[in-house]
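Spelled out from the first residue to the last, the chains are:
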Amino acid sequence: MIGMPAIALTLLSIYSIISYLENVHIPPEKILLEQSKIFTRRQQADPPSPHYPINPLSQVLSHIILLLLSGAFFGIALQFKMFVIFLIPLFCFILCDLTKIGKMKIAESIFPALIWLLSAGTTFTLLGIAFGSLDLGSILNFHVSSNLKDVFVRENSAIDVLVMFLQDFDYVLLTGIGVAVILKKRSKIHLFPLIWLFLSTLLLLNHKPLWYHHYILLSLPLTWLASYGVSLAVPIFKTKLGFSRTPIAHSSILPKIAAGFCIFSLVVTPIKLGVIQWQNQLFAKESQDKFAVVNNILEYKKNTRWLFTDNPGYAFYSNILVPPEIAVLSRKRVASGEVTQEYLNALLKKYQPEQIILERFPEVYEPIRPELEANYSKIYEKGSTRHFVRR
């Protein structure tokens, strides 16, 4: 799935931003101490004076490099899949120093965010020009079109989002502890997963339709926040198991609650794995039926150049060309009215496919049904799957 590289590159971008923020907020005294230690080891003399010089140029360059890398990673991620674009305001918020805005140092405050935006925008644009994919207007209109929401009136995004959270309800419990830990830290760098989870939840509640791959937009910040809760419980487990002699503080009950949630997560893990195993068995049975269709395709492969199908997986497994116009025939394209009867008949006339397999969309089958009955023979039908061969 193309969403996985996009998510991986986004995480690299976030890691670069965190590295940048950690370097920027290192106190000068700490840098001075580290440089003094290095100087002492090299010279084997008395510690240098407190006025040992710090190279500000190298620090600024390292900061800019991290910002450029982060922006470049995110620009590439957007080329893979645009569903991480909602994180741009979050990156800008994290990079802007609001305290400097209050001191009328606006340029200095927004400079890191501008560098990051310039890097991300330049990378995205150059890749789009190089690969001919720079059609931002149509991409955005296709994803945020209100007409699509009107089409999917039966979809209930609130229920879908709730189901996504319930899949990892043990993580949700630990996330509650993690949020408490983050709010106590009062550091903007720790707010990233919390704001990410809030934005993605808000986005998915207003998005139709939702697919399984949207779950990763919730699961990543959810797991990140849950790790804060786990870290709070670790000292308790170390003490109870004898790995640490540090006494447990009784002033806060949060670590004990976090430890209880961790134990609960371990208990329910076998149940979650059992559900996954059951789902895998259902998918395996469904795959057997699909491979039976692939075997039918291969019987006619010798005389087949084009395979017309609304499920390109058949073309992939049989190694037969599929018309490029329907290589990605998604539910959104069908619902948006882009795939009309005239459009489909024009494709059939242009490519004259020797084999046709339809199973996903009745909206594709019904318009070309007269053509199928006139020029094709049905050799297989099971459930919603129909396989036709040209006469």
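In the block above lies the structure referred to throughout.
This is a predicted model, so every value here is computed, not measured. Here the residue numbers are simple positions, counted from 1 along each chain's written sequence. Thresholds applied to this predicted model are a pLDDT of at least 70 for local features of residues and 80 or more for the giving and counting of side-chain atom pairs; totals over whole chains, interfaces and linings are not thresholded and use all residues. Excluded from the side-chain calculation are hydrogens and water; included are all heavy atoms of the structure.

Draft legend 1. Region of interest: the side chain of T201. Assignment of secondary structure puts T201 in helix α11 (residues 192–205). Beyond its immediate chain neighbours, meaning those up to four positions away, T201 contacts V161, F165 and L218. By the criteria applied, helices consist of DSSP H or I runs no shorter than four residues and strands consist of E runs no shorter than two, each listed in order from the N terminus. By the convention used here, residues are in contact when the closest approach between their heavy atoms is within 4.5 Å.

Draft legend 2. Here's a closer look at the sheet that holds strand β4 (residues 385–390). At least two DSSP bridges between two strands are required for those strands to pair. Reading across the sheet, the four strands line up as β1-β2-β4-β3 and stay open at both edges, with mixed pairing between neighbours. What marks the edges here is a single partner per strand, and that holds for β1 (307–309) and β3 (376–382). Each adjacent strand pair in this sheet contributes to an overall mean axis angle of 15°, direction not counted. Summarising the sheet, β3 and β4 pair through six bridges and their orientation is antiparallel. Of the residues in β4, the one forming a bridge with K382 is T385. Angles here are taken between N-to-C directions and fall from 0 to 180 degrees, while the axes themselves are lines fitted to C-alpha atoms, restricted in helices to the stretch in contact.

Draft legend 3. Summary view of the packing of helix α1 (residues 3–24) against helix α12 (residues 216–240). At a closest axis distance of 12 Å, the pairing of α1 and α12 adopts a crossing angle of 35°. For α1 against α12, the interelement crossing comes out right-handed. Seen from α1, the contacting residues are M4, I7, L11, I14 and I18; seen from α12, they are I216, L217, L220 and W224. When its residues are assigned to classes, the contact of α1 with α12 shows nine nonpolar, no polar and no charged. We call a crossing left-handed when the near helix sits turned anticlockwise from the far one by less than a right angle, and right-handed when that turn is clockwise. In the scheme used here, Gly and all other residues not listed as nonpolar or charged are polar, with Ala, Val, Leu, Ile, Met, Phe, Trp, Tyr, Cys and Pro taken as nonpolar and Asp, Glu, Lys and Arg as charged.

Draft legend 4. Up close: α11. The span you would expect from a helix comes to 1.5 Å times its residue count less one. For α11, which comprises 14 residues, the first-to-last C-alpha distance of 20 Å matches the rise-based estimate of 20 Å (1.5 Å per residue) to within 8%. Here the term buried applies to any residue with accessible area under 20% of the maximum for its type, exposed to any over 50%, and partly exposed to those in between, with areas from a 1.4 Å probe on protein chains only. Every buried residue of α11 is accounted for by F192, P193, W196, L197, S200, T201 and L204. The arc that holds the buried residues of α11, viewed along the axis, is 155°, so those residues lie on one side. If you follow the buried residues of α11, they end up packed against α1, α4 (88–95), α9 (157–167), α10 (169–185) and α12. The directions considered for the arc are those from the helix axis to the C-beta atoms.

Draft legend 5. View of the nonpolar core. With 44 residues, the main nonpolar core has I17, V84, L87 and F91 as its most contacted residues. Looking at this core, the elements with two or more residues in it are α1, α3 (56–80), α4, α6 (106–131), α9, α10, α11 and α12. Examining the composition of this core, we find that seven residues originate from one element, α1, more than from any other. What F91 contacts, discounting residues up to four positions off in sequence, is S13, I14, I17, S70, F74, W116 and F192. By nonpolar core we mean a set of buried residues, namely Ala, Val, Leu, Ile, Met, Phe, Trp, Tyr and Cys, connected to one another through side-chain atoms within 4.5 Å. In terms of nonpolar packing, the next biggest core, distinct from the first, is built from 29 residues, V294, F308, L358 and L372 among them.

Draft legend 6. Region of the structure containing a nonpolar patch on the surface. There is a patch of nonpolar side chains on the surface, built from L162, L166, F169, L173 and F264 and spanning about 420 Å² of accessible area. Residue assignment for the nonpolar patch shows that the elements contributing at least two residues are α9 and α10. In this structure, L162 sits in helix α9. Patches draw on residues past 30% relative accessible area with no salt bridge. Two like charges within 9 Å are joined, as are two nonpolar side chains (Val, Leu, Ile, Met, Phe, Trp, Tyr) within 5 Å. Using a 1.4 Å probe, the Shrake-Rupley method yields the accessible areas, and only the shown protein chains count as cover for residues. By definition here, a salt bridge exists when the distance from a side-chain nitrogen of Lys or Arg to a carboxyl oxygen of Asp or Glu is within 4 Å.

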